[in-house]
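Here is how the chains run, residue by residue.
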Amino acid sequence: GRADAPFVTALPGSVTTQQKLSKAFGGRGIFLSGPEATDEAFRRWSGDARIIHIDTHAFLNDQTPDYTWLYFQPGDNKNRASGIISASEIQQLSLRAELAVLGFCDSGNGKLHAGEGLASLAREFYMAGCSNILLSSWELPDEPASYILQRFYDYLFAGMGKAAALRQAKLD
């Protein structure tokens, strides 16, 4: 990765959020959504990003967590399973992100394993080096989810801590 990693793409109609993220995190972030959200973009830029925001779909396998994966747009790399990144691959990455936002339904769900905790994609991002993970434990329609995330970022950029910003966004 590179220290000047740009945002890959903004959420539809959210150039302002992209600019705010870039300013707040010193231009070192990755914002994956839409047709440019490829597995290659994630692999290329995630290592140096201070914030990772992923809006995509996932397949969560409670029985065999290693067979959980994120779906991305297919990239051009013919050497990998194009468009898919597995939980075990995420776990092996070296991430430095202060915050990973997993913007897809049920991103925090998984099976509780005795002695290990909840097996979810959040665990994989944490093991890869992300210090804070924002996720959803339920299905949420796009409109309220987008509203909560926009308010969260607004409060975060206004100087609130991550927990306080999320709390206030949910109260709004």
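Up top is the structure these notes are about.
Counting restarts for each chain, with residues numbered from 1 along the sequence as it is written. A pLDDT threshold of at least 70 governs which residues receive local features in this predicted model, and a stricter bar of 80 or more applies before side-chain atom pairs are shown or counted, although totals over entire chains, interfaces and linings include all residues. With hydrogens and water excluded, all non-hydrogen atoms of the structure serve as input to the side-chain values.

**Thoughts on the nonpolar core**
To keep it simple, the criterion reads: By nonpolar core we mean a set of buried residues, namely Ala, Val, Leu, Ile, Met, Phe, Trp, Tyr and Cys, connected to one another through side-chain atoms within 4.5 Å. Relative accessible area decides the class of each residue, using a 1.4 Å probe on protein chains only: under 20% of the type maximum gives buried, over 50% gives exposed, and in between gives partly exposed.
Core analysis: the biggest nonpolar cluster contains 22 residues, and Leu 32, Phe 42, Ile 52, Ile 54, Phe 72 and Phe 125 have the highest contact counts within it. Counting 12 residues, the second largest nonpolar core, distinct from the first, contains Val 101, Leu 149, Tyr 153 and Leu 156.

**Some details on helix α4 (residues 121-128)**
For the α-helix, the turn length of 3.6 residues means that residues three or four positions removed from each other point alike. Here is the rule we go by: Per the convention used, a helix needs a DSSP run of H or I reaching at least four residues, while a strand needs a run of E reaching at least two, with both numbered from the N terminus. This arc is built from the directions going out from the helix axis to the C-beta atoms.
Taken as a whole, α4 has its buried residues at Leu 121, Ala 122, Glu 124, Phe 125 and Ala 128. Around the axis of α4, the buried residues are gathered within 160 degrees of arc, so they sit on the same side.

**Quick look at the sheet that holds strand β5 (residues 84-86)**
What counts, and what does not: Two strands qualify as a pair provided DSSP detects at least 2 bridges between them. Every angle, taken between N-to-C directions, lies between 0 and 180 degrees, and every axis is a line fitted to C-alpha atoms, over only the stretch in contact when it is a helix.
Taking strand neighbours across the sheet as the criterion, the three strands line up as β3-β4-β5 in an open arrangement whose pairing is antiparallel. Looking at the sheet topology across the chains shown, the edges are occupied by β3 (57-59) and β5. Each strand of the sheet is rotated relative to its neighbour by a mean of 25 degrees, with strand direction disregarded. Strand direction decides the pairing type here: strand β4 (residues 69-71) and β5, joined by three bridges, are antiparallel. Within β5, the residue paired with Leu 70 across the bridge is Ile 85.

**Structural notes on the pattern of salt bridges**
Going by this rule: The term salt bridge refers to a pairing of a side-chain nitrogen on Lys or Arg with a carboxyl oxygen on Asp or Glu at a separation within 4 Å.
Applying the stated criterion across every chain, the model contains seven salt bridges. A salt bridge links Arg 123 to Glu 124, with the shortest nitrogen-to-oxygen separation between them at 3.5 Å. Its relative accessible area of 3% is what places Glu 124 among the buried residues. For Arg 151, the salt bridge is made with Asp 154, and the minimal N-O distance between the two is 3.5 Å. Placement of the pair is Arg 151 and Asp 154 together in helix α5 (residues 142-157), with a separation of three residues, close to one helical turn. Residue Arg 151 is classed as partly exposed on the basis of its relative accessible area, which comes to 23%. Salt bridges sharing partners connect three or more residues here, namely Asp 39, Arg 43 and Glu 89.

**Thoughts on the pairing of strand β6 (residues 99-102)**
Both faces of β6 are covered, namely the face carrying Leu 99 and Val 101 and the face carrying Ala 100 and Leu 102. The pairing of strand β2 (residues 51-54) with β6 spans four bridges and is parallel. Opposite His 53, over in β6, you have Val 101 as the bridge partner. Here β6 pairs with strand β9 (residues 133-134) via two bridges, running parallel. Residue pairing across strands places Ala 100 opposite Ile 133, the latter belonging to β9.

**Quick look at the side chain of Ser 86**
Counted only if it meets this: Contact criterion: two residues are considered in contact whenever any of their non-hydrogen atoms come within 4.5 Å of each other.
With respect to the helices, strands and loops of the structure, Ser 86 is situated in strand β5. Residues contacting Ser 86, with those up to four places away along its chain left out, are Asp 66, Thr 68 and Trp 69.

**With respect to the environment of Pro 144**
Within the secondary structure, Pro 144 is located in helix α5. As for Pro 144 and Lys 170, which are separated by 26 residues in sequence, their C-alpha atoms are 9.8 Å apart.

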